[in-house]
Amino acid sequence: MPPSRTTTLAVVLAVLLVAAALLLGAVFGTVFFAVTVAYLLVPIHRRVQRLGLPPWWSSATTAALASLAVFVPVATGIYVLTERADRLLDALEGLPESLTLAFYEYTYTIEVGIVTDAALSYLTAFAVEVAVALPELALKLTLFGMLVFGLLLAHEDAERALLATIPATYHDIARSLSDRAGATLYAIYVLQAVTALATAVIALPVFFALGVPYPVTLAALAGLLQFIPIVGPSLVVGAVALYWASIGDVTGAILVVVVAGVLVAWLPDVVVRPRLSRRTADLPGSLYFVGFTGGLLTVGPIGIIAGPLIVALVVEAASLLADEHRGTQVSLLPEEWP
């Protein structure tokens, strides 16, 4: 029996998607990013439509807001990096080659110079790469905005087309996976972004009060590091404490660890994250870390989103399979018992 037209078209679509991913590899990350953002923006797009705007204008408005939300942090980060790069390099070069910690009769020497040299070489190479990539980055941001606009404008047709390739008996599975994907993307984009913003806002006055050098830059970096699971802003707190210890201010280092460690590295996760976590996928931190690191090491920056997303979908599929198995067992019990 020949396959149905729907099955044939679904196979053709899958093959073409694979071919497009191979041929358009240079912009695959931008396309993936735009698709996930557009998927998350659909509820906002619907709210904008309820204001009375036509579909074209509501899609354009939502896409413009999304593009602005991406452009502002990227532009601010590049500006701060280029503005503070020289001073940051001077501060790193001013660190001693080694740091000796003494505790009663025991001493331990930390080779700071090795870490400093690695950081200097990385920052120099990164600055050059950013300068070279600026035209390409501008082009990708433009592509991102156009893709988000197009996807929002035609998202209903795309949803109907995808559901048409799935038998009706499996629509509930598709909805469950869709809900899990939406909750995971919400956790990655919205929850992490708001927590990062709160971290930067809290870190700025804390760093000012503690006399930390370059408080604006380090506060922004602490917020950005919220996207790295488990460690996060504690990397900045630890680096500042190490800097104070390297110049002989052990009291300042301890003060940074205690005050900034609580207010910057711990407080946003306790206060902000629980208030926004109702709509998240409830993915354990260990699995999120696996997806984050695995995706980042496998496919690069896009893996920050793709890694946790695929882990969440695997967890959802396993949960659906377990529920199906339990349902089968329950349905067999009345027949097994006499």
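Report on the accompanying structure.

Some points on the overall build of the protein chain
Here's step 1: In terms of regular secondary structure, the protein chain is built from 11 helices and 2 strands.
Here's step 2: Helices (α) and strands (β) of the protein chain occur, in sequence order from the N terminus, as α-α-α-β-β-α-α-α-α-α-α-α-α.
Here's step 3: Taking all 338 residues of the protein chain together, 29% fall into the buried category.
Here's step 4: In the protein chain, of all internal contacts separated by at least 6 residues, the share reaching a separation of at least 24 is 70%.
Here's step 5: If you sum the accessible surface of the protein chain, you get close to 21,100 Å²; carbon and sulfur atoms cover 72% of it.

Observations concerning the pattern of salt bridges
Here's step 1: Counted according to the given criterion, the structure contains 1 salt bridge.
Here's step 2: As a salt-bridge pair, Glu-316 and Arg-180 come within 2.9 Å of each other at their nearest N and O atoms. Placement of the pair is Glu-316 in helix H11 (residues 303-336) and Arg-180 in helix H6 (residues 171-210), with a sequence separation of 136 residues.
Here's step 3: Judged by relative accessible area, Glu-316 falls into the buried class, the value being 12%.
Here's step 4: Note on Arg-180: relative accessible area 14%, which makes it buried.

What to know about the environment of Leu-68
Here's step 1: Among the structural elements, Leu-68 can be located in helix H3 (residues 55-93).
Here's step 2: Leu-68 gets classed as partly exposed once you look at its relative accessible area, which sits at 48%.
Here's step 3: Separated by 73 residues in the primary sequence, Leu-68 and Leu-141 have C-alpha atoms spaced 9.8 Å apart.

Notes on the environment of Ile-302
Here's step 1: With respect to the element layout, Ile-302 can be found in the loop between helix H10 (285-299) and H11.
Here's step 2: Apart from residues lying up to four places away in sequence, Ile-302 is in contact with Phe-28, Gly-29 and Phe-32.

Overview of a nonpolar patch on the surface
Here's step 1: A cluster of nonpolar side chains, Val-262, Leu-263, Trp-266, Val-270 and Val-271, forms an exposed patch at the surface whose accessible area comes to about 410 Å².
Here's step 2: For Val-262, the position within the fold is in helix H9 (residues 250-276).
Here's step 3: Classification of Val-262 as partly exposed rests on a relative accessible area of 40%.

Thoughts on helix H2 (residues 28-50)
Here's step 1: Compared with the 33 Å implied by 1.5 Å per residue over 23 residues, the 33 Å span of H2 between its first and last C-alpha is a close match.
Here's step 2: Of all the bends found along H2, the most pronounced is centred on Val-42 and spans about 45°, while Pro-43, a proline, follows it within four residues.
Here's step 3: Restricting attention to buried positions, one finds in H2 the residues Thr-30, Phe-32, Ala-34, Thr-36, Val-37, Ala-38, Leu-40, Leu-41, Val-42, His-45 and Val-48.
Here's step 4: Backbone geometry just downstream of H2 places Gly-52 in the positive-phi region, at approximately 105°.

Notes on the packing of H2 against H6
Here's step 1: Contact geometry of H2 with H6 gives a least axis separation of 9 Å together with a crossing angle of 105°. Of the possible angle classes, the one that applies to H2 and H6 is roughly perpendicular. Between H2 and H6, the residues in contact are Phe-33, Thr-36, Val-37, Tyr-39 and Leu-40 and Ser-178, Asp-179, Ala-181, Gly-182, Leu-185, Tyr-186, Tyr-189 and Val-190, respectively.
Here's step 2: Its residues assigned to classes, the contact of H2 with H6 comprises 9 nonpolar, 3 polar and 1 charged.

A short note on the packing of H6 against helix H7 (residues 215-224)
Packed helices, taken two at a time, are described by the angle their axes make and the gap between the axes.
Here's step 1: Between H6 and H7, the shortest axis-to-axis distance is 7 Å and the interhelical angle comes to 150°. As the angle between them shows, H6 and H7 are arranged roughly antiparallel. The way H6 lies across H7 gives a crossing that is right-handed. Of the residues in H7, those in contact with Ala-196, Thr-199, Ala-200, Ala-203, Leu-204, Phe-207 and Phe-208 of H6 are Pro-215, Val-216, Leu-218, Ala-219, Ala-222 and Gly-223.
Here's step 2: In the contact of H6 with H7, the residues fall into 11 nonpolar, 2 polar and no charged.

Topic: the packing of aromatic side chains
Here's step 1: Applying the stated rule across the entire model yields 4 aromatic pairs.
Here's step 2: Relative to Trp-57, the ring of Trp-56 lies with its centre 5.0 Å away and its plane at 75°, an arrangement referred to as edge-to-face.
Here's step 3: A network of ring pairs unites the aromatic residues Phe-33, Phe-144 and Tyr-189 as a single cluster.

Thoughts on the side chain of Ser-58
Here's step 1: By the secondary structure assignment, Ser-58 is in helix H3.
Here's step 2: Here the side chain of Ser-58 touches His-45 through a polar contact of 3.3 Å, side chain to side chain.
Here's step 3: Among the polar contacts made by the side chain of Ser-58, one reaches the main-chain carbonyl oxygen of Pro-55 at a distance of 2.9 Å.
Here's step 4: In this structure Ser-58 touches His-45, Val-48, Gln-49 and Leu-53, once residues within four positions along its chain are discounted.

What counts and what doesn't
- Residues numbered from 1 in each chain as written.
- Predicted model: local features only at pLDDT ≥ 70, side-chain atom pairs only at ≥ 80, totals over all residues.
- Heavy atoms only, no water.
- Helix = DSSP H or I, 4+ residues; strand = E, 2+ residues; numbered from the N terminus.
- Buried < 20%, exposed > 50% of the residue type's maximum accessible area, 1.4 Å probe, protein only.
- Contact = heavy atoms within 4.5 Å.
- Areas by Shrake-Rupley, 256 points an atom, 1.4 Å probe, with all protein chains shown as cover.
- Salt bridge = Lys/Arg side-chain N within 4 Å of Asp/Glu carboxyl O.
- Patch = residues over 30% accessible without salt bridge, like charges linked within 9 Å, V, L, I, M, F, W, Y side chains within 5 Å.
- Expected span 1.5 Å × (residues − 1).
- Bend = angle between axes of the 7 residues up to and from the residue.
- Axes fitted to C-alpha atoms, helices over the stretch in contact; angles between N-to-C directions.
- Parallel < 35°, antiparallel > 145°, perpendicular 65-115°, else oblique.
- Nonpolar A, V, L, I, M, F, W, Y, C, P; charged D, E, K, R; others polar.
- Left-handed = near helix turned anticlockwise from the far one by under 90°.
- Phe/Tyr/Trp six-rings, centres within 6.5 Å; stacked < 30°, edge-to-face > 60°.
- Polar contact = N/O pair within 3.5 Å; in protein donor to acceptor, adjacent residues only side chain to side chain.

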